[in-house]
Amino acid sequence: MLQYYMNDEALLEFKNHYKNSEWWLKKNAFNKVNLCDWNDLSNIVSTYNFKHNDLVLAKSKMQFNPFSSNNKDYEFHKINVANIFSNYIRQGYTLILNSAHSWHPPISRFCSHLAQELNTFTQTNLYASWAYDEGAFGTHWDEHDVLIIQLDGRKNWKIFDKADTNPVSHKYSTGTSDVLLSEFTLEKGDILYIPMGQLHAVSMGNDISLHATVGIRRLTGLDVFEWLKDEVSKLSSFRGRIPSLNDTDELNVFMEDFLSNISSLKWNTSKDIISFEQYIKSKIDTRPYIGFPHIGFKSNNKEFFNKNFKINAFITYLGEHKVGLKVSDGTKKWVVPFGVSTSFIKLLSGSVVTYDSILYEGQSNGLDVPTIEKICSDMLDQGVVTFYN
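This write-up is about the structure you can find in this document. (Residues numbered from 1 in each chain as written. Predicted model: local features only at pLDDT ≥ 70, side-chain atom pairs only at ≥ 80, totals over all residues. Heavy atoms only, no water.)

With that settled, consider the overall build of the chain. Counting its secondary structure elements, the chain contains ten helices and 16 strands. As presented, the chain carries roughly 21700 Å² of accessible surface, and 50% of it is formed by carbon and sulfur atoms. (Helix = DSSP H or I, 4+ residues; strand = E, 2+ residues; numbered from the N terminus. Areas by Shrake-Rupley, 256 points an atom, 1.4 Å probe, with all protein chains shown as cover.)

On to the nonpolar core, then. The biggest cluster of nonpolar side chains holds 43 residues, and the ones touching the most others in it are Phe14, Leu97, Phe110 and Leu147. In terms of residue count, helix H4 (residues 105–118) provides more of this core than any other element does, five residues in total. Sequence-distant contacts of Leu147, that is, excluding residues within four places in its chain, are made with Met6, Phe14, Phe110, Leu114, Ile191, Leu192, Tyr193, Ala212, Thr213, Val214 and Ile216. (Core = buried A, V, L, I, M, F, W, Y, C linked by side-chain atoms within 4.5 Å. Buried < 20%, exposed > 50% of the residue type's maximum accessible area, 1.4 Å probe, protein only. Contact = heavy atoms within 4.5 Å.)

All right, on to the pairing of strand E10 (residues 209–217) then. Among the nine residues in E10, eight count as buried, and that is most of the element. Direction of pairing for strand E5 (residues 121–129) relative to E10: antiparallel, over a ladder of nine bridges. Each bridged residue has a counterpart across the sheet, and for Thr124 the counterpart in E10 is Val214. Two elements, strand E6 (residues 145–162) and E10, share eight bridges in a ladder whose sense is antiparallel. Along E10, the bridge assignment pairs Val146 with Gly215. (Pairing = 2+ DSSP bridges.)

With respect to topology, three strands assemble into an open sheet ordered E15-E11-E16, the strand pairing being antiparallel. For this open sheet the edge positions go to strand E15 (353–354) and strand E16 (385–387), each flanked by a neighbour on one side alone. With two bridges connecting them, strand E11 (residues 308–311) and E15 associate as antiparallel partners. By the bridge assignment for E15, Asn308 is matched with Thr354. Across the sheet, helix H8 (residues 341–348) lies against E11, E15 and E16, angled at about 60 degrees from E11, the strand it touches most. (Axes fitted to C-alpha atoms, helices over the stretch in contact; angles between N-to-C directions.)

Attention now moves to the sheet that holds strand E12 (residues 316–320). Remark on secondary structure: sheet strands pair via backbone hydrogen bonds, oriented parallel or antiparallel. Here we have three strands laid out as an open sheet, ordered E12-E13-E14, and antiparallel in their pairing. A strand with exactly one partner marks an edge of an open sheet, and here the two such strands are E12 and strand E14 (333–337). Strand after strand, the sheet turns through a mean of 30 degrees between neighbouring axes, direction not considered. Across four bridges, E12 lies against strand E13 (residues 324–328) in antiparallel orientation. Looking across to E13, one finds that Glu320 is bridged to Leu325. Running at roughly 30 degrees to E13, H8 makes contact with E12, E13 and E14 of the sheet.

Below, the structure written as structure tokens:
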């Protein structure tokens, strides 16, 4: 689905740099799809009653919530609100809309597509600036990967070396770096990817700027412990009671046995990889694309000609069955016949597949048209796939 937003070259480069956790800049790479413009931002700010830190104004490492009852300038009246924002904007403050995916559907859709593509968690903040400023955060690094999309105007960036080897938290990684790797200006349509731990700094010149920062929760070995906890809870050897902390001898024996049991655990490729994949996907807050009004239609009500199919995000491949490929939504299981398995494997990889290609493959393998239509119809009715425009 990301092909809708990035050209093929940019998408391939992004995936490669994301895989290797290497920073990446691509000029004019975001397609004409506009996630958010100035009118959208104006409508969002004017429409919602923000609380806490959903919306803040920031300047020179200082932030505050203009909607806070502690802000003496704020009175809940639209004329005063407009004046407050105008005054702070003239003073060079940057407006930050946190969790913008919660307020603006186009951003929400992009977040969802990116999360499904990378099998991880995503969220987006919007940054709007109108005047010169050295930046609200200074030189810093984030505990998550970020994908920056310049929506309008220009903004200046500096990329420094990484803070540490595999930095995941400021609590455990206290390193820093003054090694400047690159300095550049992002313009409308440019994309910048910065992996977690990469130091960077951003500042404004004499232009306006509107950009989206998509936070990407990079999964690490630490996430395996969360999955492992569910798995070992099934084993009685890990459910023993911890002895009294005052009894050093018993506590030593308990810990030695416990760690010994951990070291005896073995990775079962055929079984554990499915369990781990399902666990990770269950924790990702994404919504599969649902193509109304096609759900629930029977095959004689569907027009498959010139239609495209896309796999739903929650579908997991379980392996081969005696007559086809077995998949599951976490509750129910289905088998897709071998006669269209090549097309279905493409669907599982995230590709969009045309009905014509499924029809051609099925007929080449001896299936008649009514059978192929029933396979497609059943997959749609069960929510395995959906139409994709």
